[in-house]
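# Overview (structure and organization)
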Amino acid sequence: MEEKEQNQNLSNEETAEQQAETVEVTEEELVQADLVEEEATPNFEAQLAEAKASELRLRADFDNFKRRNRIEAENRAKYSSQSIVEKLLPLVDNLDRALQIESDNEETKSVLAGVEMVKRQLAETLQNEGVVEIPAVGEAFDPNLHQAVVQEASDEFESGIVTAEFQKGYKLHDRVIRPSMVKVAE
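The rules behind the values
- Sequence order as written defines the numbering, with residues in each chain counted from 1.
- Only residues with pLDDT of at least 70 are given local features in this predicted model, and only at 80 or more are side-chain atom pairs given and counted; all residues enter the totals for whole chains, interfaces and linings.
- Neither water nor hydrogens contribute to the side-chain values; these are computed over all heavy atoms in the structure.
- UniProt positions are given in the numbering used here, feature names are shortened, and annotations may be inferred rather than shown by experiment.
- Strands here mean DSSP runs of E at least two residues long; helices mean DSSP runs of H or I at least four residues long; both are numbered from the N terminus.
- Whether a residue is buried, partly exposed or exposed follows from its accessible area with a 1.4 Å probe, protein chains only, as a fraction of its type maximum: under 20%, in between, or over 50%, in that order.
- Whether two residues touch is decided by their heavy atoms; if any such pair falls within 4.5 Å, the residues are in contact.
- Accessible surface area values rest on a Shrake-Rupley calculation with a 1.4 Å probe, where residue burial reflects the displayed protein chains alone.
- Strand pairing is assigned whenever DSSP identifies at least 2 bridges connecting the two strands.
- An axis is simply a line fitted to the C-alpha atoms; with a helix, the fit covers only the stretch in contact. Between two such axes, the angle follows the N-to-C directions and lies from 0 to 180 degrees.
- Pairing of aromatic side chains requires ring centres within 6.5 Å, counting the rings of Phe and Tyr and the six-membered ring of Trp. Pairs whose planes differ by under 30 degrees are stacked, by over 60 edge-to-face, and all others tilted.
- Comment: the charge-over-ring label is applied if NZ (Lys) or CZ (Arg) is within 6 Å of the ring centre and within 35 degrees of the ring normal.
- Residues enter a nonpolar core if they are buried and are Ala, Val, Leu, Ile, Met, Phe, Trp, Tyr or Cys, with the set joined through side-chain atoms within 4.5 Å.

- As named in an unreviewed UniProt entry, the protein chain is Protein GrpE, taken from Exiguobacterium oxidotolerans.
- The record held by UniProt for the protein chain lists under Subunit (unreviewed entry) the comment "Homodimer."
- For the record of the protein chain, the UniProt heading Sequence similarities (unreviewed entry) holds the text "Belongs to the GrpE family."

### A look at the overall build of the protein chain
- Counting its regular elements, the protein chain contains 3 helices and 6 strands.
- Overall, the protein chain shows an N-to-C arrangement of helices and strands of α-α-α-β-β-β-β-β-β.
- Buried residues in the protein chain amount to 18% of all 186 residues.
- A separation of at least 24 residues holds for 61% of the contacts in the protein chain among residues at least 6 apart in sequence.
- Of the roughly 14300 Å² that the protein chain leaves accessible, carbon and sulfur atoms contribute 50%.

### Some thoughts on the sheet that holds strand S3 (residues 162–167)
- Spatially, S2-S6-S3 is the arrangement adopted by the 3 strands of the open sheet, whose pairing is mixed. On the outer flanks of this sheet lie strand S2 (146–152) and S3, each paired with one strand and no other. Going across the sheet, the axis of each strand differs from the next one's by a mean of 30°, ignoring polarity.
- Of the strand pairs in this sheet, S2 and strand S6 (residues 180–185) are connected by 6 bridges, and their pairing is parallel. Paired with histidine 146 across the two strands is serine 180, which belongs to S6.

### Overview of the pairing of strand S5 (residues 175–178)
- The pairing of strand S4 (residues 169–172) with S5 spans 3 bridges and is antiparallel. Bridging across to S5, lysine 171 finds its partner in valine 176.

### What about the packing of aromatic side chains?
- According to the stated counting rule, one finds 1 aromatic pair in the structure shown.
- Ring centres of phenylalanine 62 and phenylalanine 65 lie 6.4 Å apart, and the angle between their planes is 25°; this geometry places the pair in the stacked category. You can see phenylalanine 62 and its partner phenylalanine 65 sitting in helix H1 (residues 2–78), 3 residues apart, about one turn around the helix.
- Owing to a relative accessible area of 41%, phenylalanine 65 belongs among the partly exposed residues under this scheme.
- Its guanidinium or amino end placed over the ring of tyrosine 79, arginine 175 lies 3.7 Å from that ring's centre, counting from NZ or CZ.

### With respect to the nonpolar core
- Within the largest apolar cluster, 12 residues are counted, these being Tyr79, Val85, Leu89, Val92, Leu95, Val115, Leu122, Leu126, Val131, Tyr170, Leu172 and Ile177.
- Take this core: its biggest share by element is 4 residues, from helix H2 (residues 82–99).
- Excluding its chain neighbours within four sequence positions, the residues that come into contact with valine 85 are Leu126, Val131 and Ile177.

### Overview of the side chain of aspartate 96
- Structurally, aspartate 96 is set in helix H2.
- Since its relative accessible area comes to 16%, aspartate 96 is described here as buried.
- Among all residues touching aspartate 96, those that are not within four sequence positions of it are Lys119 and Lys168.

This is the structure:
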């Protein structure tokens, strides 16, 4: 019997040791699980912060995209008539040349009156589309608006002032369609 008791005691001790080991392993696992959880939490927070920053960048990019498209659409509408206006400018120049003719003949005067009416109507139509003449004579030379073809000394004008205009320049809204061809005082 003693042997049975000893075996039982040994068996009980082994069982107690196994349970103690099991508890210790479980505690170690808990500590490791806590460490893993602590490491994972900042990682999730970093990922969340990164996702939020990415979303903000995407929103900003999309807002910029919408703004650029709106501006491009406005410019297309604003300058849609540019090509036809560019084709009509030589016609305006020829009408101006025709009106420079002086004559005493009544028939010629009546034809010139008709040309004047056509020119006036064309000028009104262009103006309604946003076309304006670029002022030249007496203005300071501006390379963005004027094209200097001649430069000569002048007693009447200061240096850098436009003294004569050879061809009128035009702007469509705020865009130069054709610069004025001018003579500039030295």
